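Chain by chain, the residues run as shown.
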Amino acid sequence: IASATPFGGGTLLSFSDGQFGLPLEMLYSDAPEAQLSSAVAASRDKDGRITRPVNVNLLEVGKRKILFDAGSGVNFFPSLGKLPSVLESAGVEVSAITDVVLTHAHPDHIWGILDDFDDLLMPDANYYISHSEWEFWGSDKAISAMPAGRENFAVGAKSRFEKIKEQITLFSPGREVVAGIEAVDTGGHTPGHASFVLHSGSESIMILGDALTHPIVSFEYPKWLSDSDMDRQKAADVRLSLLDRLVADKIKIAATHLPAPGFGHVEKHQSAWRYIASETV
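Residues numbered from 1 in each chain as written. Predicted model: local features only at pLDDT ≥ 70, side-chain atom pairs only at ≥ 80, totals over all residues. Heavy atoms only, no water.

Draft legend 1. Examining the packing of aromatic side chains more closely. The tally for this structure, following the rule as stated, stands at 11 aromatic pairs. Between the aromatic rings of Phe219 and Tyr275, the centroid separation amounts to 5.3 Å while the plane-to-plane angle is 20°, which identifies the pairing as stacked. Taken together, the residues Phe219 in helix 7 (residues 217–220) and Tyr275 in strand 14 (residues 272–278) connect sequence positions 56 residues apart. One aromatic cluster is present, built from ring pairs that chain together Phe20, Phe76, Phe77, Trp111 and Phe153. Above the plane of the ring of Trp273 lies Lys268, whose end atom (NZ or CZ) is 3.8 Å from the centre. (Phe/Tyr/Trp six-rings, centres within 6.5 Å; stacked < 30°, edge-to-face > 60°. Helix = DSSP H or I, 4+ residues; strand = E, 2+ residues; numbered from the N terminus. Lys NZ or Arg CZ within 6 Å of the ring centre and 35° of its normal.)

Next comes the structure, spelled out in structure tokens:
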């Protein structure tokens, strides 16, 4: 149900909200076909789609229960929305979560803040998101900026922003969101996408969100442009600088879309990088 690892006097856990499949042409339409086919072979399902897990992290430290993103709820993919029942099975009282720190406002990261009745699943929590995300998704221009068929991304984000507007704290990159948690600008996937570095002494772990999303492509071919990124070139530039930082600073990672539980680290490999998965960080 969950993978747990000690961190900073507390525990960092990874829970599964489920998984979903995306057509290959929605992801890397410009990539060399033969290399792409080889790189994604292990993550393709029987229909040829790329299987994408959704891992959600919870940091329990002191009296705080800090959730990073909230899964998708029941209105995105039928194979997602498992987080509330998984948390309950693990003995985590959902209503007792004190903080929800959001990487960005895509459906599989924010729609899960609402329950089946469109009420807040965690009504007493504090919510955090970057200024740029709040401004973009809360504006009227968000719908027109969406590719055809994804207009509901903007509608869903705006409706959820309305629910948390009294409990939201906006942050800027480079600042602490809460004590010991640094916001990192990883924009490109969305205008204000943020990742978060958890600091404890000499140890650091980065909650990646959608900054790195595939165990082969994101590391061995980070320059490939992804159709799931709103600013494809900026997202590629972010991946390159992020991978350099993860290696240079020996920062471990906890990722939403890498194979469950999404824990691991990055190593430099020839002219690119390599993801080394682990059960704990």
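Moving on, there is more to tell.
Draft legend 2. Main features of the layout of surface pockets. Looking at the largest pocket, its volume works out to about 290 Å³. Contributing to the lining of the largest pocket are 20 residues, with Leu22, Met26, Phe76, Arg150 and Phe153 lying nearest its centre. At three residues, strand 2 (residues 10–22) tops the list of elements feeding residues into the lining of the largest pocket. Volume-wise, the second largest pocket comes out at about 190 Å³. Together, 15 residues line the second largest pocket, and Ala42, Ser43, Thr51, Pro215 and Pro259 are the ones closest to its centre. A per-element tally of the lining of the second largest pocket places strand 3 (residues 50–61) first, with three residues. Looking at the lining of the second largest pocket residue by residue, the classes come out as nine nonpolar, six polar and no charged. (1 Å grid on protein atoms, 1.4 Å probe; cavity = no way out; pocket = protein on both sides within 12 Å on 5 of 7 lines; lining within 4 Å. Points joined across faces, edges and corners; volume = space filled by probe spheres on them. Nonpolar A, V, L, I, M, F, W, Y, C, P; charged D, E, K, R; others polar.)

Draft legend 3. Structural context of empty space enclosed by the protein. Tallied over the entire structure, the rule returns four cavities of 30 Å³ or more. Taken together, 15 residues make up the lining of the largest cavity; nearest its centre are Tyr28, Thr213, Ser226, Asp229 and Arg239. Along the lines of polarity and charge, the residues of the lining of the largest cavity split into six nonpolar, five polar and four charged. Considering only enclosed or pocket space, the second largest cavity measures out at about 50 Å³ in volume. Considering the residues around the second largest cavity, the lining is formed by Thr186, Gly187, Gly188, His189, Asp210, Ala211, Asp229, Ala235, Val238 and Arg239.

In short, shape yes, function no, at least from these values alone.
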